[in-house]
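Structural overview
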Amino acid sequence: MSDPEPTSSRPTTVPTRVRFSAERWILAPRTTWQARRIAADFGPGMDAGTAWTMARMQRHPDEYAYVINQLGGNRTS
């Protein structure tokens, strides 16, 4: 007897939703909502911190120096 052929070639992983802390939802709900949308659009490789940072930079570009400092990078431009 031969093994049955698979019916679908799609991956079997289940997409997971990025979760944000209650503090982020309470203190910055619009930024957190936007971060959730960024993570959903990007796919399963995006973590909550990166999505939130990207959303924060879109909403508040004047905080760029603070974010770079928090990430431990050097500002080169």
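Residues numbered from 1 in each chain as written. Predicted model: local features only at pLDDT ≥ 70, side-chain atom pairs only at ≥ 80, totals over all residues. Heavy atoms only, no water.

1. Quick word on the side chain of R56
Heads up, the rule is: Helix numbers and strand numbers start at the N terminus; a helix is a DSSP run of H or I with at least 4 residues, a strand a run of E with at least 2. With a 1.4 Å probe rolled over the protein chains alone, any residue whose accessible area is under 20% of its type maximum counts as buried; one over 50% counts as exposed, and the rest are partly exposed. A 3.5 Å cut-off defines polar contacts: any pair of N or O atoms within that distance qualifies, except that in protein one atom must be a possible hydrogen donor and the other a possible acceptor, and neighbouring residues in sequence count only when both atoms are side-chain atoms.
Within the secondary structure, R56 sits in helix α3 (residues 48-59). The exposure class of R56 is buried, given its relative accessible area of 17%. Of the polar contacts made by the side chain of R56, one reaches the side chain of T31; its length is 3.5 Å.

2. Examining the environment of F20
As for its placement among the helices and strands, F20 is situated in the segment before α1 (22-27). Along the primary structure F20 and T32 are separated by 12 residues, whereas in three dimensions their C-alpha atoms are 7.4 Å apart.

3. Points about the pattern of salt bridges
Using the following cut-off: Each reported salt bridge corresponds to a side-chain nitrogen of Lys or Arg within 4 Å of a carboxyl oxygen of Asp or Glu.
By the definition in use, this model includes 2 salt bridges. As a salt-bridge pair, E63 and R56 come within 2.9 Å of each other at their nearest N and O atoms.

4. Let's talk about the packing of aromatic side chains
Describing an aromatic ring pair means giving the distance of the ring centres and the angle of the ring planes. Under the convention used in this document: Any two rings among Phe, Tyr and Trp, with Trp reduced to its six-membered ring, count as a pair given centres within 6.5 Å; such a pair is stacked if its planes are under 30 degrees apart, edge-to-face if over 60, and tilted if neither. Whether a charge sits over a ring comes down to the Lys NZ or Arg CZ being within 6 Å of the ring centre and within 35 degrees of the ring normal.
Tallied over the entire structure, the rule returns 1 aromatic pair. Positioned above the aromatic ring of W52, the side-chain terminus of R24 is 4.2 Å from the ring centre.

5. Structural notes on α3
Filter applied, for reference: Helices are assigned an expected span. That span is 1.5 Å times one less than the residue count. To obtain the arc, one takes the directions from the helix axis to the C-beta atoms. The criterion used for residue contact is that any of the two residues' heavy atoms lie within 4.5 Å.
Taking 1.5 Å as the rise per residue, α3 with 12 residues should run 16 Å; its terminal C-alpha atoms sit 16 Å apart, in good agreement. Inspection of α3 places A51, W52, A55 and R56 among the buried residues, and these make up the whole buried set. Angular distribution of buried residues about the axis of α3 spans 135°; they occupy a single face of the element. Lining the buried residues of α3 we find α1 and α2 (29-42).

6. Points about the nonpolar core
The nonpolar side chains of soluble globular proteins are, as a tendency, buried together. Condition: Side-chain atoms within 4.5 Å link the members of a nonpolar core, which is a set of buried Ala, Val, Leu, Ile, Met, Phe, Trp, Tyr and Cys residues.
In terms of nonpolar packing, the biggest core is built from 10 residues, these being V18, F20, A28, A35, I38, A39, M46, A51, W52 and A55. Elements that contribute at least two residues to this core include exactly α2 and α3. Those residues within four positions of F20 in sequence are excluded, and the remaining contacts are W25, T32, A35, R36, A48, A51 and W52.

7. Looking at the environment of T53
Locating T53 in the fold gives a position in helix α3. A relative accessible area of 22% means that T53 is categorised as partly exposed. In this structure the side chain of T53 is engaged in a polar contact, spanning 2.8 Å, whose partner is the backbone oxygen of G49.

8. Observations concerning the packing of α2 against α3
Definition in use: Angular values range over 0 to 180 degrees, each being the angle between N-to-C directions of two axes fitted as lines to C-alpha atoms, with helices fitted over their stretch in contact. Roughly parallel here means an angle under 35 degrees, roughly antiparallel means over 145, roughly perpendicular means 65 to 115, and every remaining angle is called oblique. Should the near helix be turned anticlockwise from the far one by less than a right angle, the crossing is left-handed, and should it be turned clockwise, the crossing is right-handed. Classes in brief: Ala, Val, Leu, Ile, Met, Phe, Trp, Tyr, Cys and Pro nonpolar; Asp, Glu, Lys and Arg charged; the others, Gly included, polar.
It is the contact of α2 with α3, at a shortest axis distance of 8 Å, that shows an interaxial angle of 120°. Our classification of the angle between α2 and α3 gives oblique. Where α2 crosses over α3, the handedness of that crossing is right-handed. Along the contact surface, α2 presents R30, T31, T32, Q34, A35, I38 and A39, while α3 presents A51, W52, M54, A55, R56, Q58 and R59. Here the residues of the contact of α2 with α3 sort into 7 nonpolar, 4 polar and 3 charged.

Structural measurements only, silent on function.
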